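# A closer look at the structure
Now for the letters of each chain:
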Amino acid sequence: MWDDAFPSFLIGLREGLEAGLIVSVLVATLVRAGARSRLPQVWTGVLAAISLALSFGAVLTFTAASLSATAQEAFGGALSVVAVGFVTAMVFWMRRSARTLSGEIREKITGALGMGAGMLIATSFLAVGREGLETALFLWTTARAAGESAGPLTGAGVGLVLAAGLCWGLYRRVLHINLTKFFTATGAVLIVIAAGVLGYGLRDLQEGGVLPGGTSYAVDLGGSIDAGSWYSTLVQGVFNLTPTMTWLQVVGYVGYLAVVLTLFLRGAAPRTAEPAAKAQRARPLAPGRRRPPWVVPVALVAGPAVLAGLAVTLGDSPPAAAQTVTVSETDCGKGFTAPKPGRQTFQMHNTGDKTSEVYLVAPATGAVYGEVEGLAPGTTRALVATVGGGTYAWRCVPSSGKAVTSRAVRVAGTGGASTAVVPVSAADLAAPLTSYKTYVERGLATLVTQTRRLGDDIAGGRLGAARTDWLTAHRTYASLGAAYGTFQDYDQKINGRPDGLPGGVHDKDFTGFHRIEYGLWHGQSAKELTAPARQLATDTAGLRKAFPTQDFDPGDLPLRAHEILENTFQFELTGDADQGSGTELATADANLTGTRELLTVLRPLLTSRAPHLLPTVDADIARLQKLLDSAHHGGRWTPVDRLDATARARLNGATGQLLEDLAPVPDLLEIRKSA
């Protein structure tokens, strides 16, 4: 949990120490001025600022929860950028003000004492309120980035407690800290953390549709870095650096870090200390006029909480009114009553002994409005769905045993409900799977013939013909994209890349199409390529023989509808897969053929569940096909790196749009348990 807690710990320590120093100076000034009776006014302002910060955090949480998934991404991304702005301003301000903070606060207090209780309350409220709002916003942002609140809240709590202890020590003069050095060091670390928050926020804005480039990756180390390892978790939690980052994220991160950290460290260079102001003995000041003992403090402290409560109450379908619905292998949906139309949160609690899948369904059709997968015994998880007028029930499917369906309830009203998904079973995907396997078997038979011809060309020294036959065979293999996950070790042997191999392109384990591609386009002789070509032919023949007995999960078909072109976007359209032939767009064209074939076998299921999806996807495919065709001249393909900027942007844009429109397919055709 420390990886998620550290950024919040640092912000809690920094902001807590800033606010605590200000409060310490306020208290010390009043005590030395003989105005102890005015201390309650300081504490009133402090408590009002804390109340405002907590209320602000509550409103942020409610606002995000009441938005759609896309709007949540955009909202969270925008606030992440705002939080980075606040933190940046804070570290520069504190570095600049650390030397003269005490003198400035004493001047404000002297003026406030002469203007009555209201000004003293306002001074302490404004002094602490800024830090409180910054803390609430940054803490909310880091909790959202972490995906959980326990770590960030714990870190912030520890930081605030430590800050309070340091401020008490400074006030009692039992500690001596060089505040300038302290705020400079922690400021530099916070700038690095803020750069990660900025990158995370930009990614949210991309996923929310506010910024472009969501599928244009600059870094993709997902295949070589274990995202669940301790070091990966630590880096992601503290710095918000992920194995996969878009170009916009990388540019934002590096640009912010280069500019802001340079300015910060340049401004933190040692300078000649400013002459200290002449100390003035504070004369005792008369206590202020007597005020009602409780009206003003209660109003200031309770006001923000009341306003926050009104904001939540007047919002659409607040999640606070969640129903608790119990689940077990014998009784499903206990406690379910007809909710009001609108966005609803149901707390699903498993009281049984078995893990269950839980679905909110339309009883007549079985269409699913919401689901919780893998609800373990004794646990509670939230299910959020928008409920409209109609009939609803719960269906619980335990890990072993029969499905249980609750009694149906009728919701009155005409509000629009969440889009229901008619569930798909393994039996529904059986016919598409059979058709696709037949397609793959035909392709493998052709592939075996083509790789043998390629091997014969190389063995006979006909390297010009071998280049043509290599492209033909490689395109055949690339068109079988949906079966890659089924080919097991054969895929690495037949189409593996040199990435990650100790010897790179010269490694003994670098085999298959790309090994031959490298040799054919880098001047290697027929003698050097004969063995790799013979091995490729042997491996394709072995794959053809093994494929009928390999396990092809029906659930892989909907997944591959998106993944084939996602890999194309990351490897072929970036040129990363090229080993010298410059035929990346030919491979992309073959991948598009494989995607089209896959959608053909899935078309009946998709048409009945999302009738407007396929016409949109078909138009996207036609647009992308036209762009690929424009790069094909006779028997030659334009290499990606030779496309002009406009053509490359159009190609990336068309592929990105197709990927976005294909994204719902896996959810629409996900196999859901029914018994």
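Since this is a predicted model, take the numbers as computed values, not measurements.

Our next topic: the nonpolar core. What tends to happen in soluble globular proteins is that the nonpolar side chains get buried as a cluster. Judged by nonpolar contacts, the single largest core of 67 residues is most densely connected at Tyr436, Leu585, Leu598 and Leu606. Examining the composition of this core, we find that ten residues originate from one element, helix α17 (residues 584–609), more than from any other. Dropping the residues within four chain positions of it, Leu606 is found in contact with Leu599, Pro611, Leu613, Leu614, Val665, Leu668 and Leu669. Listed in part, the 19 residues of the second largest apolar core include Val358, Val372, Val409 and Val411.

This brings us to a nonpolar patch on the surface. On the surface, a nonpolar cluster with roughly 300 Å² of combined accessible area is contributed by Leu47, Ile50 and Leu54. Along the chain, Leu47 falls in helix α2 (residues 39–65). The class for Leu47 is partly exposed, based on a relative accessible area of 47%.

What follows is about the packing of helix α16 (residues 556–572) against helix α19 (residues 645–662). For the pair α16 and α19, the least separation of the axes is 9 Å and the interaxial angle reads 155°. When the interaxial angle is binned, α16 and α19 end up roughly antiparallel. The two elements α16 and α19 meet at a crossing, and its hand is left-handed. Here Ala561, His562, Leu565, Glu566 and Phe569 of α16 come into contact with α19, specifically with Asn652, Thr655, Gly656, Leu658, Leu659 and Leu662. Across the contact of α16 with α19, the residue classes tally to six nonpolar, four polar and one charged.

Attention shifts here to the pattern of salt bridges. Summed over the entire model, instances satisfying the criterion amount to eight salt bridges. Here Arg462 makes a salt bridge to Asp457, at a shortest N to O gap of 3.3 Å. Taking the relative accessible area as the measure of exposure, Asp457 reaches 7% and is therefore buried. When the shortest N-O distance is used, the salt bridge between Glu572 and Arg497 registers 3.8 Å. Here Glu572, found in helix α16, pairs with Arg497, found in the loop between α13 (489–495) and α14 (513–520); they are 75 residues apart in sequence, far enough to count as distant. Since its relative accessible area comes to 22%, Arg497 is described here as partly exposed.

Moving on to the confidence of the model for the chain. Taken over all residues, the pLDDT of the chain has a mean of 78, while the share at 70 or more is 72%. Residue range residues 271–289 is modelled with pLDDT below 50. Its contacts to residues more than four positions away, or to other chains, number twelve contacts. When the criterion is pLDDT under 50, residues 315–320 qualifies, and its contacts beyond four places in sequence or with other chains add up to eleven contacts.

Right, let's talk about empty space enclosed by the protein for a bit. For the structure on display, the rule yields two cavities of 30 Å³ or more. Counted as a void, the largest cavity has a volume near 60 Å³. Taken together, Trp470, His474, His514, Glu517, Glu572, Ala577, Asp578, Ser581, Thr583, Glu584 and Thr587 make up the full set of residues lining the largest cavity. For the lining of the largest cavity, the elements supplying multiple residues, two or more each, are α12 (463–478), α14 and α17. Tallied by class, residues from the lining of the largest cavity come to two nonpolar, five polar and four charged.

It is worth spelling out helix α18 (residues 613–629) at this point. Over its 17 residues, α18 runs 24 Å from end to end, which matches the ideal 24 Å to within 8%, given 1.5 Å per residue. Listed as buried for α18 are Leu613, Leu614, Val617, Asp620, Ile621, Leu624, Gln625 and Leu628. Buried positions in α18, seen along its axis, are confined to an arc of 135° and lie on one side of it. Among the exposed residues of α18, those pointing more than 90 degrees away from its buried face are Pro615 and Lys626. Where α18 is buried, its residues touch α17, β12 (632–633), β13 (636–637), α19 and α20 (665–668).

Here Glu357 is to be found in strand β6 (residues 356–361). According to the relative accessible area criterion, Glu357 is buried, its value standing at 13%. Of the polar contacts made by the side chain of Glu357, one reaches the backbone nitrogen of Gly374; its length is 3.3 Å.

This paragraph deals with the state of the cysteines. All chains considered together, the criterion is met by one disulfide. Put simply, Cys332 and Cys396 are joined by a disulfide, and their sulfur atoms are 1.9 Å apart. Taking the torsion about the S-S bond as the criterion, the Cys332 to Cys396 disulfide, at about 65°, is right-handed. One end of the pair, Cys332, is in strand β4 (residues 332–334); the other, Cys396, is in strand β9 (residues 390–398), with 64 residues separating them in the sequence. Cys396 matches Cys332 in its accessibility class, with the two residues each being buried.

The next subject is the packing of α18 against α19. The packing of two helices is summarised by the inter-axis angle and the distance between the axes. Viewed as axis vectors pointing N to C, α18 and α19 meet at an angle of 160°, and their least axial separation amounts to 9 Å. Of the possible angle classes, the one that applies to α18 and α19 is roughly antiparallel. Crossing of α18 over α19 shows left-handed handedness. Contacts between α18 and α19 pair Leu613, Thr616, Val617, Asp620, Ile621, Arg623, Leu624, Leu627 and Leu628 from the former with Arg650, Leu651, Ala654, Thr655, Gln657, Leu658, Asp661 and Leu662 from the latter. Looking at the contact of α18 with α19, its residues break down into ten nonpolar, three polar and four charged.

A few words now on the environment of Leu263. Of note, Leu263 is situated in helix α9 (residues 247–267). By relative accessible area, which is 45% here, Leu263 ends up partly exposed. In the structure, Leu263 is positioned 171 residues away from Phe92 in sequence and 9.3 Å away in space, judged by C-alpha atoms.

Let us now look at the pairing of strand β3 (residues 323–327). Counting buried positions along β3 yields four of five residues, so the element is predominantly enclosed. In the sheet, β3 pairs with β4 via two bridges, with the strands oriented antiparallel. Note that in β4 the partner of Val327 across the bridge is Cys332. Remark: four residues form the turn of the hairpin made by β3 and β4, two consecutive strands paired antiparallel.

Once that is clear, we can look at the packing of aromatic side chains. Centre-to-centre distance and the angle between the planes together describe a pair of aromatic rings. With the rule as written, the count across this model stands at twelve aromatic pairs. Ring geometry for Phe487 against Phe547: centres 6.0 Å apart, planes inclined by 75°, an arrangement best described as edge-to-face. One end of the pair, Phe487, is in the loop between α12 and α13; the other, Phe547, is in the loop between α15 (526–546) and α16, with 60 residues separating them in the sequence. Phe547 carries the same exposure label as Phe487, and that label is buried.

What follows concerns the sheet that holds strand β8 (residues 380–387). Paired through backbone hydrogen bonds, the strands of a sheet run either parallel or antiparallel to each other. On the basis of which strands lie adjacent, the open sheet formed by four strands has the order β4-β3-β5-β8 and mixed pairing. Either end of the sheet is taken by a strand with one partner, and the two such strands are β4 and β8. Along the sheet, successive strands turn relative to each other by an average axial angle of 35°, direction set aside.

What counts, and at which threshold
- Each chain has its residues counted from 1, running along the sequence as written.
- Totals for whole chains, interfaces and linings use all residues, but because this is a predicted model, local features are given only for residues with pLDDT of at least 70 and pairs of side-chain atoms are given and counted only at 80 or more.
- Hydrogen atoms and water are omitted, and side-chain values are computed over all heavy atoms in the structure.
- Side-chain atoms within 4.5 Å link the members of a nonpolar core, which is a set of buried Ala, Val, Leu, Ile, Met, Phe, Trp, Tyr and Cys residues.
- The buried label goes to any residue with under 20% of its type's maximum accessible area, the exposed label to any with over 50%, and the partly exposed label to all in between, with areas taken from a 1.4 Å probe on protein chains only.
- A run of H or I in DSSP becomes a helix once it reaches four residues, and a run of E becomes a strand once it reaches two; helices and strands are each numbered from the N terminus.
- The contact criterion used throughout is that any non-hydrogen atoms of two residues lie within 4.5 Å.
- Residues with no salt bridge and a relative accessible area higher than 30% make up the patches, which join like charges within 9 Å and nonpolar side chains (Val, Leu, Ile, Met, Phe, Trp, Tyr) within 5 Å.
- For the area figures, the Shrake-Rupley method with a 1.4 Å probe applies, and any residue is considered shielded solely by the protein chains shown.
- Should a side-chain nitrogen of Lys or Arg be within 4 Å of a carboxyl oxygen of Asp or Glu, the pair is scored as a salt bridge.
- For helices, the axis comes from a line fit to the C-alpha atoms of the stretch in contact; other axes are also lines fit to C-alpha atoms, and the angle between any two N-to-C directions lies between 0 and 180 degrees.
- Any angle that falls under 35 degrees is termed roughly parallel, while one over 145 is termed roughly antiparallel, one within 65 to 115 roughly perpendicular, and all others oblique.
- The hand of a helix crossing depends on one turn: near helix anticlockwise from the far one by less than a right angle means left-handed, and clockwise means right-handed.
- For this classification, Asp, Glu, Lys and Arg are treated as charged, while Ala, Val, Leu, Ile, Met, Phe, Trp, Tyr, Cys and Pro are nonpolar and the rest, including Gly, are polar.
- Each residue gets a pLDDT score, which is the predictor's confidence in that residue and runs from 0 to 100.
- A pocket here means an open set of points on a 1 Å grid, computed over the protein atoms alone, that has protein on both sides within 12 Å along at least five of seven lines. A cavity is instead a set of points where a 1.4 Å probe fits but cannot get out; residues with an atom within 4 Å of a point line either one.
- Grid points are joined across faces, edges and corners, and a volume is the space filled by probe spheres set on the points.
- Between the first and last residue of a helix there are one fewer steps than residues, each counted as 1.5 Å, and that sum is the expected span.
- In this context, the arc is that of the directions from the helix axis out to the C-beta atoms.
- Whenever two N or O atoms come within 3.5 Å, that pair is a polar contact, provided that in protein one can donate a hydrogen and the other can accept it, and provided that, for residues adjacent in sequence, both atoms are side-chain atoms.
- In plain terms, two cysteine sulfur atoms within 2.5 Å form what is called a disulfide here.
- Any two strands between which DSSP finds at least two bridges are classified as paired.
- In summary, the pairing rule links any two rings of Phe, Tyr or Trp, Trp by its six-membered ring, whose centres are within 6.5 Å, and it sorts them by plane angle into stacked for under 30 degrees, edge-to-face for over 60 and tilted for everything else.

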